Amino acid sequence: MENFSISSDELMGFVTTFGPKLLAAIATLVIGLWIVKLITKGVGKGLDKSNVDTALKSFLKSLVSILLKVMVYISALGMLGIEMTSFIAVLGAAGLAVGLALQGSLANFAGGVLILFFKPFKVGDFIERESESGTVEKIDILHTHLKTPNNQLIVIPNGQLANSPVTNYSAKETRRAVFPVGIGYTSDMKKARKIMLRVLNEDERILKDPAPMVVLTNLGDSSLDLSARAWTKTEDYWGFFWDNLEKIKEELDKEGIEMPFPQRDVHLIKED
């Protein structure tokens, strides 16, 4: 077995050549990681001031930290004389392949970031998208969880929510309730209007501004179509709507206001 020995001159040459590079790489690594820590901390404080969702804040801080640390490591390895061009090219190709394979998931991921950052809706809001509606129970980075009024769970990919119209029924503090009522052509329309306004104004949940109104919306085939419109707080909407719709019907019946149902006259022609 051969013995390999290194002369003092060779060792000194190695230290002289590689030592400064190693020290520079270590210094770059230590100082770089310290700067990354400061930047990450500053990003966290900025996100705290902007009231960003907790899940998104944690993700953004981690993303910034990882990207900056990768840059520091690449810089340190480059100072040691390691060729990083090929490594970066391979890393980019791998990232592209993963991106193509996870295209749908990345779209949901991007949608989750947009939802958590811009907050078109939040947990507790009642929203509707196409045929799906419910109360938002949870928003994670890939999916949004809705609970329907029938206590069913709907899980919607964030990519779809971020790229389609969404109706948020809880976004505003007040909502307008509309009560469609049809009365007969022979009924007193002015009297019916007064009854409907009286019923609405007797409810303590009604808002006086904007003032309630009753308007004629259509001359139907068998009825005069009236529409009572009143504003209430969003949290009182459904109770306000159901209670007053029933009470309007009862009061109109008491006052003899006819609420007709569709009728059709059929004429039979007998041929000789």
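Coordinates for the structure precede this section.
A brief look at the structure comes next. Treat the numbers as computed from the prediction; the structure is a model and nothing was measured. (Residues numbered from 1 in each chain as written. Predicted model: local features only at pLDDT ≥ 70, side-chain atom pairs only at ≥ 80, totals over all residues. Heavy atoms only, no water.)

**Quick notes on the nonpolar core**
The nonpolar side chains of a soluble globular protein tend to be buried, and buried together. Counted only if it meets this: Among buried residues, those of type Ala, Val, Leu, Ile, Met, Phe, Trp, Tyr and Cys that are joined through side-chain atoms within 4.5 Å constitute a nonpolar core. Each residue's exposure class comes from its accessible area (1.4 Å probe, protein chains only) as a fraction of the maximum for that residue type: buried when under 20%, exposed when over 50%, partly exposed otherwise. A helix here means a DSSP run of H or I that spans at least four residues, while a strand means a run of E at least two residues long, and both kinds are numbered starting from the N terminus. Working rule for contacts: check all heavy atoms of both residues, and any pair within 4.5 Å makes them a contact.
Formed by 21 residues in total, the largest nonpolar core has its most connected members in F179, I183, M196, L200, F240, I248 and L252. Those elements that provide at least two residues to this core are β6 (174–183), α6 (189–201), β9 (224–233) and α7 (237–254). Residues within four places of F179 in sequence aside, it is in contact with M196, L200, L226, S227, A228, F240, F241, N244, L245 and I248. The next biggest cluster of nonpolar side chains, apart from the first, holds nine residues, and it includes L116, I139, L146 and I156.

**Considerations on a nonpolar patch on the surface**
For the record, the criterion: Excluding any residue in a salt bridge, patches collect residues exceeding 30% relative accessible area, merging like charges within 9 Å and nonpolar Val, Leu, Ile, Met, Phe, Trp and Tyr side chains within 5 Å. Per-residue and other accessible areas were derived by the Shrake-Rupley procedure at a 1.4 Å probe size, with only the shown protein chains allowed to occlude residues. When a carboxyl oxygen of Asp or Glu is within 4 Å of a side-chain nitrogen of Lys or Arg, the pair counts as a salt bridge.
On the surface, a cluster of nonpolar side chains totalling about 740 Å² of accessible area is made up of L22, I26, V30, I31, W34, I35, L38 and I39. Classification of I39 as partly exposed rests on a relative accessible area of 38%.

**Regarding the environment of I195**
Note that I195 resides in helix α6. Taking relative accessible area as the criterion, I195 reaches 6% and is therefore assigned buried. The spatial distance from the C-alpha of I195 to the C-alpha of E255 is 8.5 Å, given a sequence separation of 60 residues. Ignoring anything within four residues of it in the chain, the contact list for I195 reads E251, L252, E255 and I257.

**A closer look at the packing of aromatic side chains**
We count it as follows: A pair of aromatic rings is counted whenever rings of Phe, Tyr or Trp (Trp by its six-membered ring) have centres within 6.5 Å, and the orientation is called stacked for planes under 30 degrees apart, edge-to-face for over 60 and tilted otherwise. Ring-over charges, as used throughout, are those where CZ of Arg or NZ of Lys falls within 6 Å of the ring centre and within 35 degrees of the ring normal.
Summed over the entire model, instances satisfying the criterion amount to seven aromatic pairs. By the ring-pair criterion, three or more aromatic residues cluster together here, those being F179, Y237, W238, F240, F241 and W242. Over the face of the ring belonging to Y237 we find R175, whose NZ or CZ atom lies 3.8 Å from the ring centre.

**Thoughts on the sheet that holds strand β1 (residues 126–129)**
Definition in use: By this definition, two strands are paired if DSSP reports at least two bridges between them.
Reading across from one edge, β4-β3-β2-β1-β5 is the order of the five strands in this open sheet, with antiparallel pairing throughout. Two strands close off the open sheet at either side, each with one partner strand: β4 (153–157) and β5 (167–168). The pairing of β1 with β5 spans two bridges and is classified as antiparallel. Bridge pairing in β5 links I127 to N168.

**Overview of α6**
Keep this limit in mind: Each helix should span, by expectation, one fewer than its residue count multiplied by 1.5 Å. Any pair of N or O atoms that falls within 3.5 Å is considered a polar contact. Within protein, one atom must be able to donate a hydrogen and the other to accept it, and sequence-neighbouring residues count only if both atoms are side-chain atoms.
With 13 residues, α6 ought to run about 18 Å at 1.5 Å a step, and its terminal C-alpha atoms sit 18 Å apart, in line with that. Those residues of α6 that are buried lie in contact with β6, β7 (206–207), β8 (213–219), β9 and α7. A distance of 3.1 Å separates the backbone nitrogen of K190 from a side-chain oxygen at the start of α6, and that oxygen is part of D188.

**As for a positive patch on the surface**
The cut-off we apply is this: The positive count covers Lys and Arg only, the negative count covers Asp and Glu only, and His and the chain ends enter neither. Where a charge lies is defined by one atom per residue type, namely NZ (Lys), CZ (Arg), CG (Asp) and CD (Glu).
A cluster of basic residues, K37, K41, K45 and K49, forms a positive patch on the protein surface. Within the secondary structure, K41 sits in helix α1 (residues 8–49). According to the relative accessible area criterion, K41 is exposed, its value standing at 54%.

**Considering the pairing of β9**
Where a strand is regular, its side chains alternate between the two sheet faces. As paired strands, β6 and β9 are joined by ten bridges and run antiparallel to one another. Considered in β9, the bridge of T174 is made with K233. Pairing of β7 with β9, which is carried by two bridges, proceeds in the antiparallel orientation. Each residue of the ladder has a partner; that of I206, found in β9, is T232. Where β8 meets β9, six bridges bridge the pair, whose relative direction is antiparallel. Within β9, the position partnered with V215 by the bridge is S227.

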